[in-house]
Amino acid sequence: MEVSADDEKTGSGGHAGGPDREAATGSREQDAPATKGERDRGAKIADQTSATTPEADTDGQPDEGGGSSPSADPQAESPATATATALQERTEREAEWEELARRYRADEATIDFSTQLGAVATQDEAELLTINMGPHHPATHGVLRLLTTLEGEVIRDVKPIIGYLHTGIEKTAEDKAYWKVIPVVERMDYLAYYFNAMAYCGAVEDLLGVEVPKRAQYLRVIHLELNRIMSHLVWLGTTMLDLGAISILWYAFRERETVLDLFEYSSGQRMHTRYFQIGGVVEDIPAGWATKLQRFLDEMPTRLDQYEAMLSKNEIILQRLKNVGVLDARRLQEWGVSGPLLRAAGVPWDLRKATPYSSYDDFDFKVPVGTIGDNYDRYAVRVAEMRESVKIIQQALDGLPEGPTITEDRKVALPPRHELATSMEALIHHFKLVTEGMRVPEGEAYFPIEGPRGELGCFVRSNGSSKPARVHMRDPSFVNLQAFGDMARGEYIADMIATLACLDPLLGGIDR
Amino acid sequence: MPDLAAFERLADIVAAGDDGAVVATDHADRRSEIQVRPSALVETLDRLRSQGFEHLMSLHGVDYYPEEPRFGVLYELLSFKDQDRLTVKVRVPLSDPIVPSVTPGWPTASFQEREVFDMFGVVFAGHPDMRRILLPDDYIGHPQRRDFPVGGEPVLFTGNEQRNPGWWK
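Keep in mind the model is a prediction, meaning the values are calculated, not measured.

J.: Just checking my understanding: could you explain the overall build of chain B for this structure?
T.: Within chain B, the regular secondary structure consists of four helices and seven strands. Listed by position from the N terminus, the elements making up chain B come as α-β-β-α-β-β-β-β-α-β-α. Per-residue burial for chain B yields a buried fraction of 49% across its 169 residues. Put simply, 52% of the contacts in chain B that link residues at least 6 apart link residues at least 24 apart. Of the roughly 8100 Å² of accessible surface on chain B, a fraction of 52% belongs to carbon and sulfur atoms.

J.: Before we go on, may I ask you to explain helix α8 (residues 214-242) of chain A in this structure?
T.: One turn of an α-helix holds 3.6 residues; hence residues three or four places apart share an orientation. Residues and elements named next belong to chain A. Over its 29 residues, α8 extends 42 Å from the first C-alpha to the last, a length consistent with the 42 Å expected when each residue adds 1.5 Å. Of all the 29 residues making up α8, 26 are buried; the element is thus mostly covered by neighbouring parts of the structure. Just past α8, the residue Gly-244 takes up positive phi, approximately 100°.

J.: What should I look at first to understand the side chain of Glu385(A) in this one?
T.: Residue and element names in this part refer to chain A. For Glu-385, the location among the structural elements is in helix α15 (residues 375-398). Separated by 2.8 Å, the side chains of Glu-385 and His-232 make a polar contact. Those residues in contact with Glu-385 that sit more than four places away from it in its chain are Arg-228, His-232, Pro-340, Arg-343 and Pro-368.

J.: I'm lost on the pattern of salt bridges in this one. Help?
T.: Close approach of charged atoms allows side chains with opposite charge to pair. Across all of its chains, the model carries 51 salt bridges over all chains by this definition. Taken together, the salt bridges that share partners define one network made up of Glu225(A), Arg228(A), Arg343(A), Asp350(A), Arg352(A), Glu385(A) and Glu450(A).

J.: Hey, could you run me through the packing of helix α9 (residues 247-267) of chain A against helix α10 (residues 289-311) of chain A in this one?
T.: In helix packing, the relevant descriptors are the interaxial angle and the interaxial distance, both defined with respect to the helix axes. All names here are of chain A. Here α9 crosses α10 at 165°, and the two axes come no closer than 11 Å. If you check the angle between α9 and α10, you find them roughly antiparallel. You can see that α9 and α10 cross each other, and the crossing is left-handed. Judged by residue contacts, Ser-247, Ile-248, Tyr-251, Ala-252, Arg-254, Glu-255, Thr-258, Val-259, Asp-261, Leu-262, Tyr-265 and Ser-266 of α9 engage Trp-289, Lys-292, Leu-293, Phe-296, Glu-299, Met-300, Arg-303, Gln-306, Tyr-307, Met-310 and Leu-311 from α10. Taken together, the residues that form the contact of α9 with α10 break down as 13 nonpolar, four polar and six charged.

J.: Would you mind going over the packing of aromatic side chains with me for this structure?
T.: Aromatic rings in a pair are described by how distant their centres are and how their planes are angled relative to each other. Counted under the stated rule, the structure contains 15 aromatic pairs over all chains. Pairing Tyr357(A) with Phe447(A) gives two aromatic rings, centres 6.2 Å apart and planes at 75°, and the pair type is edge-to-face. Of this pair, Tyr357(A) sits in the loop between α14 (351-354) and α15 while Phe447(A) sits in strand β6 (residues 443-451), and the two are 90 residues apart along the sequence. One aromatic cluster is present, built from ring pairs that chain together Tyr218(A), Tyr357(A), Tyr360(A), Phe363(A), Phe365(A) and Phe447(A). Above the plane of the ring of Phe478(A) lies Arg512(A), whose end atom (NZ or CZ) is 4.8 Å from the centre. Taking the ring centre of Tyr64(B) as reference, the NZ or CZ of Arg91(B) above it sits at 3.9 Å.

J.: Just checking my understanding: could you explain the confidence of the model for chain B for this structure?
T.: Residues of chain B with pLDDT of at least 70 account for 89%, and the chain-wide mean is 84. Confidence metrics for the complex model read pTM 0.77 and ipTM 0.88.

J.: Looking at this model, I keep getting lost on the sheet that holds strand β7 (residues 454-462) of chain A. Mind explaining?
T.: Each strand in a sheet pairs with its neighbour through backbone hydrogen bonds, running either in the same direction (parallel) or in the opposite one (antiparallel). Residues and elements named next belong to chain A. Reading across from one edge, β6-β7-β8 is the order of the three strands in this open sheet, with antiparallel pairing throughout. Sheet topology places β6 and β8 (470-474) at the edges, where each strand pairs with a single neighbour. Direction aside, neighbouring strands of the sheet carry axes that sit 15° apart on average. Relative to β8, β7 runs antiparallel, the two being bridged by five bridges. Bridging across to β8, Cys-458 finds its partner in Met-473.

J.: Would you explain the nonpolar core in this entry?
T.: The nonpolar side chains of a soluble globular protein tend to be buried, and buried together. Counting 160 residues, the largest nonpolar core has Tyr200(A) and Tyr75(B) as its most contacted members. It is α8(A) that contributes the most residues to this core, 14 residues altogether. Both domain 2 (107-166 + 475-512) and domain 3 (172-458) of chain A contribute no fewer than three residues apiece to this core. Once residues lying within four places of it in the same chain are set aside, the contact partners of Tyr200(A) are Tyr178(A), Val181(A), Ile182(A), Val185(A), Ile278(A), Cys458(A), Val460(A), Pro468(A) and Val471(A).

J.: Got a minute to help me understand the sheet that holds strand β1 (residues 129-133) of chain A in this structure?
T.: Residues and elements named next belong to chain A. The strand order across the open sheet formed by three strands is β1-β2-β3, and the pairing between neighbours is antiparallel. Lying at the two open borders of the sheet, with one neighbouring strand each, are β1 and β3 (154-161). The average angle at which neighbouring strand axes cross in this sheet is 20°, direction not considered.

J.: Whenever I open this one, the interface of chain A and chain B confuses me. Can you help?
T.: Facing 42 residues of chain A, the contacting portion of chain B comprises 40 residues. Across the chain A/chain B interface, buried area totals approximately 3300 Å², and carbon plus sulfur atoms make up 55% of it. Together, Lys171(A), Trp349(A) and Glu444(A) form the three largest contributors to the area buried by chain A at its contact with chain B, with a combined 19%. Where chain A touches chain B, the interface holds six salt bridges. A salt bridge links Arg85(B) to Glu455(A); its shortest N-O distance comes to 3.1 Å. Taken together, the residues of the side of chain A that touches chain B break down into 19 nonpolar, nine polar and 14 charged.

J.: Sorry if this is basic, but what is going on with unusual backbone geometry here?
T.: Leaving glycine out, the prevailing phi sign among residues is negative, and the prevailing peptide bond configuration is trans. Looking along the chain, the bond that leaves Tyr65(B) and enters Pro66(B) is cis, with omega of 5°. Inspection of the secondary structure puts Pro66(B) in the loop between β3 (55-63) and β4 (71-79). Of note, the amide linkage connecting Glu68(B) to Pro69(B) takes the cis form, showing an omega dihedral of -5°. Considering the arrangement of structural elements, one finds Pro69(B) in the loop between β3 and β4. With a phi close to 55°, Arg274(A) is a non-glycine residue in the positive phi region. Checked against the element boundaries, Arg274(A) lands in the loop between α9 and β4 (276-277). What makes Arg274(A) partly exposed here is its relative accessible area of 23%. The backbone of Gln83(B) shows a phi angle near 55°, a positive value even though the residue is not glycine. Relative to the assigned elements, Gln83(B) resides in the loop between β4 and β5 (84-92).

J.: Before we go on, may I ask you to explain α9(A) in this structure?
T.: Residue and element names in this part refer to chain A. Helix length check: α9, at 21 residues, gives a terminal C-alpha distance of 31 Å against a target of 30 Å (1.5 Å per residue), a fit within 8%. Among the residues making up α9, those that are buried are Ile-248, Leu-249, Ala-252, Glu-255, Arg-256, Val-259, Leu-260, Leu-262, Phe-263, Ser-266 and Ser-267. Taken around the axis of α9, the buried residues stretch over an arc of 150°, which confines them to a single face. In this structure, the buried residues of α9 make contact with α7 (193-208), α8 and α10.

Thresholds, definitions, all that
- Residues numbered from 1 in each chain as written.
- Chains lettered and ligands numbered in written order.
- Predicted model: local features only at pLDDT ≥ 70, side-chain atom pairs only at ≥ 80, totals over all residues.
- Heavy atoms only, no water.
- Helix = DSSP H or I, 4+ residues; strand = E, 2+ residues; numbered from the N terminus.
- Buried < 20%, exposed > 50% of the residue type's maximum accessible area, 1.4 Å probe, protein only.
- Contact = heavy atoms within 4.5 Å.
- Areas by Shrake-Rupley, 256 points an atom, 1.4 Å probe, with all protein chains shown as cover.
- Expected span 1.5 Å × (residues − 1).
- Polar contact = N/O pair within 3.5 Å; in protein donor to acceptor, adjacent residues only side chain to side chain.
- Salt bridge = Lys/Arg side-chain N within 4 Å of Asp/Glu carboxyl O.
- Axes fitted to C-alpha atoms, helices over the stretch in contact; angles between N-to-C directions.
- Parallel < 35°, antiparallel > 145°, perpendicular 65-115°, else oblique.
- Left-handed = near helix turned anticlockwise from the far one by under 90°.
- Nonpolar A, V, L, I, M, F, W, Y, C, P; charged D, E, K, R; others polar.
- Phe/Tyr/Trp six-rings, centres within 6.5 Å; stacked < 30°, edge-to-face > 60°.
- Lys NZ or Arg CZ within 6 Å of the ring centre and 35° of its normal.
- pLDDT = per-residue confidence, 0-100.
- Pairing = 2+ DSSP bridges.
- Core = buried A, V, L, I, M, F, W, Y, C linked by side-chain atoms within 4.5 Å.
- Domains from an automatic or database assignment.
- Buried area = accessible area lost by both parts, 1.4 Å probe.
- Arc of directions from axis to C-beta.

And the structure:
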């Protein structure tokens with residue numbers, strides 16, 4: 001109802017046509033100031049009452065007065081007085097509502113949106129609605145809360161509110177021996193556990209100055225890339241699910257299951273495998289694992305073709321993805337965004353190429369980039385990355401060197417089991433490592449790697465004891481989420497969900 | 001990581017015109033670090049940006065308890081052009097934990113400065129929205145400080161609210 005307070009009482013007599021209407025509406029006009037809509041309604045009711053009162057009261061004339069319908073209590077009062085009472089009640093109720101609405105408007109006017117919305121809310125003509133999404137909308141991919149400001153269906157501003165999944169892992173890590181921290185940090189970004197372990201182990205290896213054997217580096221690469229495929233598959237399935245493409249979820253999760261089986265085969269766990277150790281990997285791959293991996297590598301490109309056949313020619317998907325959530329590379333870089341999001345905007349920055357770690361320079365692979373940085377590019381880049389990952393794994397598997405899988409440094413890695421029976425030295429090392437852990441020389445290290453969502457860096461500070469004095473994970477989701485407001489602003493609310501999905505935030509990593 | 005000569009050149013650029021700006025430098029195997037005075041921080045980052053370190057990849061806090069000045073804030077800079085990394089560090093004492101905010105120049109610092117404030121209680125002067133980010137707004141204390149105990153925080157369940165009236169005191 002578009003009525004303002006100064007409309008009241010102007011031309012109040014103009015609407016009351018006949019003398020009976022004057023009588024019907026007169027009492028109300030003294031009670032409360034009437035608004036235009038109310039006057040119109042009042043006149044309509046007056047019409048009805050004046051039409052019903054003289055003659056027919058049996059034809060069930062629609063009476064909006066609620067409880068006092070003529071058929072309900074015809075004997076109690078004469079119809080004329082009944083309707084007059086009803087009208088009286090109605091006008092009182094309406095005056096009350098009017099008052100409440102007026103108070104609400106006054107309250108609303110005192111809210112200072114400018115602190116929340118910046119310049120957006122100051123446009124006078126915009127009728128903005130601030131709604132809360134979350135903290136657990138299923139399409140938000142985690143316990144994320146979005147304070148969304150809408151103008152109609154268009155996003156004018158969105159503020160992510162985080163912290164619902166904060167578990168204090170960084171604090172917990174300070175209370176554990178170095179090698180016991182690995183399972184804790186693995187649980188930060190729960191779809192990229194190998195990456196978390198890699199970043200942490202890399203930082204500690206930097207501090208220790210340990211050389212990781214070549215075979216261990218290759219095994220790490222194989223598992224990291226499998227993990228990247230797995231993470232992207234989860235992303236693909238859930239994102240397309242948000243867009244309404246349900247079948248792809250089952251196909252993507254079928255292949256993900258194959259990868260998880262491989263993880264289980266090599267380390268005993270499907271997730272949070274604790275396979276990477278400081279100085280190498282915990283054990284060599286079991287017999288038959290390579291054959292199983294080869295079978296996966298052979299079928300994966302075909303599977304990716306199938307996904308693309310399902311999605312890349314799907315008109316609905318294309319319309320939902322193309323030119324949605326566009327953010328140019330310069331702005332993305334200001335927000336510190338890295339990984340597939342930045343590459344989708346055309347910046348070929350990949351830490352595996354730029355500053356190779358763990359023998360990535362041995363492998364031949366391409367860095368897929370997009371063109372304009374819309375959601376379609378983000379999708380295309382991730383699918384292309386899976387293909388490149390398959391290539392890397394194939395090369396690493398073919399060229400897997402012989403040798404130890406963990407450093408020979410007994411101060412860092414546990415001695416082989418059989419040595420414990422024959423060597424006193426080995427027994428002492430084993431005992432020291434298991435009880436106290438390793439002592440790491442004083443210093444600080446920041447070890448960045450290319451995670452599935454961008455630069456995953458681990459900062460470790462050692463004060464010379466057997467527990468880290470500080471472990472910090474620079475999680476890509478946490479940093480990338482800051483750019484979400486810029487991506488979603490000006491989009492439809494339905495596209496905001498798609499854009500959020502294409503951002504691929506992992507709340508376990510964001511909140512840590 | 002820049003080699004030693006390049007690193008010294010960068011340190012000279014940072015120190016130019018302001019003798020006290022650089023507090024310490026550290027050039028190790030895989031890490032080079034310039035420690036500056038808090039008041040010279042924004043200027044330092046701007047100068048390094050003009051040297052190609054255009055990306056602030058990470059910003060995190062460290063508690064050096066019991067050393068003084070106790071808190072450290074680290075800025076991990078990255079140069080896409082040279083594929084180099086450089087760390088800038090500031091140290092502030094517990095009595096005056098104020099660091100100038102770099103969010104106006106580097107928007108990516110926004111969430112990360114809030115996290116450092118949340119976890120260590122280091123205040124970033126000039127940050128547009130200096131609030132807690134991961135912990136609840138009414139949380140008391142800064143848990144990543146080294147003297148903040150692990151555990152010992154009462155957890156409210158329906159059961160122990162009844163069994164233990166006044167648990168919040």
